[in-house]
Amino acid sequence: QKAGYTTAMFGKLHFGNNPKGVDDFMILPGQGNYINPDFITSKGDTTITGYVTDLITDFAIEWLDKKRAKDKPFMLMYLHKAPHRPWWPRPDKFKEFTKKTFPEPTTLFDDYKNRGTAAKTAEMNLLLHMMYSHDSKIRPETLESMGNVEPVVPEFKNSFYGPYGRANAEQRALYDPVLDSINTFFKANWPGMTDVEKMKWKYQRYMQDYLATISSVDDNVGRMLDYLDESGLAENTMVIYTCDQGFYLGEHGWFDKRFMYEESFRTPLVMRYPKEIKPGTTISKL
């Protein structure tokens with residue numbers, strides 16, 4: 001901003017709600033919500049109807065196209081919430097991905113032999129710590145009708161109806177058929193499942209939701225790159241893409257991250273700037 005750039009930030013800041021050095025912003029309070037999210041703006045708080053990944057992209061592209069000072073260079077921070085837990089995909093992605101079956105990692109049933117205490121006690125095991133309602137989309141009333149097959153964790157007591165409760169009637173009508181099919185299967189099959197079968201079922205539900213939310217990120221990053229191409233900005237714009245380390249996708253029986261195992265240790269950093277960076281260049285230096 002001090003160097004004469006016009007600046008903006010749209011999406012998840014996470015730490016602090018008062019961005020510095022930006023001319024325009026719409027940021028999520030904390031982690032934000034997937035469905036009809038609240039946004040903090042320079043003009044006050046607001047709630048926008050829609051799916052968060054699409055909305056963040058809409059705001060960012062609208063700013064590039066209509067709101068930025070076009071006689072100045074720009075710096076835009078385009079910051080996605082997804083795929084933060086709990087994973088609520090867009091309804092069409094939810095329907096699509098719940099029909100998919102994903103290959104299990106070879107270490108899904110890791111026994112942590114020759115590993116230290118941390119690997120054996122970390123609260124990120126799919127069978128033991130991934131929650132049926134909060135994570136796997138089992139309705140609280142389904143669990144209640146089955147005698148509350150999972151202990152209620154106070155902080156997650158209403159976690160199903162947090163996201164789902166934000167949906168309007170039209171949106172719920174899109175979510176409900178898929179939620180009903182998941183709950184019907186669970187109620188009919190869970191009592192007879194072995195722990196191995198429960199682990200496998202939780203793994204598939206996790207993959208379906210997690211990867212569905214990422215699919216929306218893929219689509220929307222594509223929208224942004226397409227806009228840069230179509231508007232003629234691509235050639236003179238540096239694009240920097242990075243994110244958190246990804247969650248474990250069932251490796252070692254885990255979800256979550258933070259452990260220094262190969263599968264969740266790397267952080268992506270991809271840059272595009274046609275004037276300076278030759279496509280396909282890999283730099284191995286830190």
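For clarity, every value in this text was computed on a predicted model and none was experimentally measured. (Residues numbered from 1 in each chain as written. Predicted model: local features only at pLDDT ≥ 70, side-chain atom pairs only at ≥ 80, totals over all residues. Heavy atoms only, no water.)

**A look at the overall build of the protein chain**
Then step 1. In terms of regular secondary structure, the protein chain is built from eight helices and seven strands.
Then step 2. Seen along its three principal axes, the alpha-carbon backbone of the protein chain occupies a region of about 65 × 50 × 30 Å.
Then step 3. By the burial criterion, 44% of the 286 residues in the protein chain qualify as buried.
Then step 4. Taking contacts inside the protein chain between residues at least 6 apart in sequence as the whole, the part at least 24 apart equals 65%.
Then step 5. Total accessible area on the protein chain stands at roughly 15900 Å², and carbon and sulfur atoms take up 54% of it.
Then step 6. Charged side chains of the protein chain number 37 positive and 38 negative; the gap between the two group centres comes to 2 Å. (Helix = DSSP H or I, 4+ residues; strand = E, 2+ residues; numbered from the N terminus. Buried < 20%, exposed > 50% of the residue type's maximum accessible area, 1.4 Å probe, protein only. Contact = heavy atoms within 4.5 Å. Areas by Shrake-Rupley, 256 points an atom, 1.4 Å probe, with all protein chains shown as cover. Lys, Arg positive; Asp, Glu negative; His and termini not counted. Charge placed at Lys NZ, Arg CZ, Asp CG, Glu CD.)

**Observations regarding the sheet that holds strand 5 (residues 74–79)**
Then step 1. One open sheet holds the five strands; their spatial order is 4-3-2-1-5, and the pairing between them is mixed. Both outer strands of the open sheet, strand 4 (44–47) and strand 5, are each paired with one neighbouring strand and no more. The sheet shows a mean angle of 20° between the axes of neighbouring strands, direction not considered.
Then step 2. Seen against the sheet, helix 1 (residues 52–67) touches strand 1 (6–12), strand 2 (24–28), strand 3 (38–41) and strand 5 and runs at an angle of roughly 170° to strand 5. (Pairing = 2+ DSSP bridges. Axes fitted to C-alpha atoms, helices over the stretch in contact; angles between N-to-C directions.)

**So, the side chain of Gln 31**
Then step 1. With respect to the helices and strands, the residue Gln 31 is situated in the loop between strand 2 and strand 3.
Then step 2. Side-chain polar atoms of Gln 31 contact the side chain of Lys 12, separated by 2.9 Å.
Then step 3. A polar contact is formed between the side chain of Gln 31 and the side chain of His 84, at a distance of 3.1 Å.
Then step 4. Look past the residues within four positions of Gln 31 in its chain and what remains in contact with it is Lys 12, His 14, Lys 81 and His 84. (Polar contact = N/O pair within 3.5 Å; in protein donor to acceptor, adjacent residues only side chain to side chain.)

**Some details on the pattern of salt bridges**
Oppositely charged side chains can pair when the atoms bearing their charge come close.
Then step 1. Evaluation of the coordinates by the stated rule reveals 17 salt bridges.
Then step 2. A salt bridge links Asp 219 to Lys 93; its shortest N-O distance comes to 2.6 Å. With a gap of 126 residues between them, Asp 219 in helix 8 (residues 195–231) and Lys 93 in helix 2 (residues 91–97) connect regions that are remote in the sequence.
Then step 3. Looking at Asp 219, the relative accessible area reads 36%, which means it is partly exposed.
Then step 4. Note that Asp 176 and Arg 139 form a salt bridge whose closest N and O atoms lie 3.1 Å from each other. You can see Asp 176 sitting in helix 7 (residues 169–189) and its partner Arg 139 sitting in the loop between helix 4 (126–129) and helix 5 (140–145), a full 37 residues away along the chain. (Salt bridge = Lys/Arg side-chain N within 4 Å of Asp/Glu carboxyl O.)

**A few points about the environment of Leu 269**
Then step 1. Structurally, the position occupied by Leu 269 is in strand 7 (residues 269–272).
Then step 2. Taking the relative accessible area as the measure of exposure, Leu 269 reaches 56% and is therefore exposed.
Then step 3. Distance from Leu 269 to Thr 242, taken between C-alpha atoms, is 4.7 Å for residues 27 residues apart in sequence.
Then step 4. Non-local contacts of Leu 269, meaning those with residues more than four positions away in its chain, are made with Ile 240, Tyr 241 and Thr 242.

**Quick notes on the layout of surface pockets**
Then step 1. Looking at the second largest pocket, its volume works out to about 530 Å³.
Then step 2. In the lining of the second largest pocket, the residues fall into 10 nonpolar, five polar and four charged. (1 Å grid on protein atoms, 1.4 Å probe; cavity = no way out; pocket = protein on both sides within 12 Å on 5 of 7 lines; lining within 4 Å. Points joined across faces, edges and corners; volume = space filled by probe spheres on them. Nonpolar A, V, L, I, M, F, W, Y, C, P; charged D, E, K, R; others polar.)

**Comments concerning the packing of helix 1 against helix 8**
Then step 1. With their axes 9 Å apart at the nearest point, helix 1 and helix 8 run at an angle of 10° to one another. If you check the angle between helix 1 and helix 8, you find them roughly parallel. Every residue of helix 8 that contacts helix 1 at Thr 53, Asp 54, Thr 57, Asp 58, Ala 60, Ile 61, Leu 64 and Asp 65 is listed here: Ser 216, Val 217, Asn 220, Arg 223, Met 224, Tyr 227 and Leu 228.
Then step 2. Grouping the amino acids of the contact of helix 1 with helix 8 by side-chain chemistry returns seven nonpolar, four polar and four charged. (Parallel < 35°, antiparallel > 145°, perpendicular 65-115°, else oblique.)

**Considerations on the packing of aromatic side chains**
Then step 1. Taken as a whole, this structure holds 26 aromatic pairs when the rule is applied.
Then step 2. Look at Tyr 132 and Trp 201: their rings are 6.3 Å apart centre to centre, the planes differ by 40°, and that puts the pair in the tilted class. Of this pair, Tyr 132 sits in the loop between helix 4 and helix 5 while Trp 201 sits in helix 8; the two residues are 69 residues apart in sequence, bridging distant segments of the chain.
Then step 3. Ring centres of Phe 160 and Tyr 164 lie 5.5 Å apart, and the angle between their planes is 35°; on these two criteria the pair is classed as tilted. Exposure class is identical for Phe 160 and Tyr 164. Each is buried.
Then step 4. Ring pairs connect the aromatic residues Trp 88, Phe 94, Phe 160, Tyr 161, Tyr 164 and Tyr 175, which therefore count as one cluster.
Then step 5. In this structure, Lys 137 packs its charged tip against the face of Trp 88, placed 5.1 Å from the ring centre.
Then step 6. The ring of Tyr 164 is capped by Arg 139, whose NZ or CZ atom sits 5.4 Å from the centre of that ring. (Phe/Tyr/Trp six-rings, centres within 6.5 Å; stacked < 30°, edge-to-face > 60°. Lys NZ or Arg CZ within 6 Å of the ring centre and 35° of its normal.)

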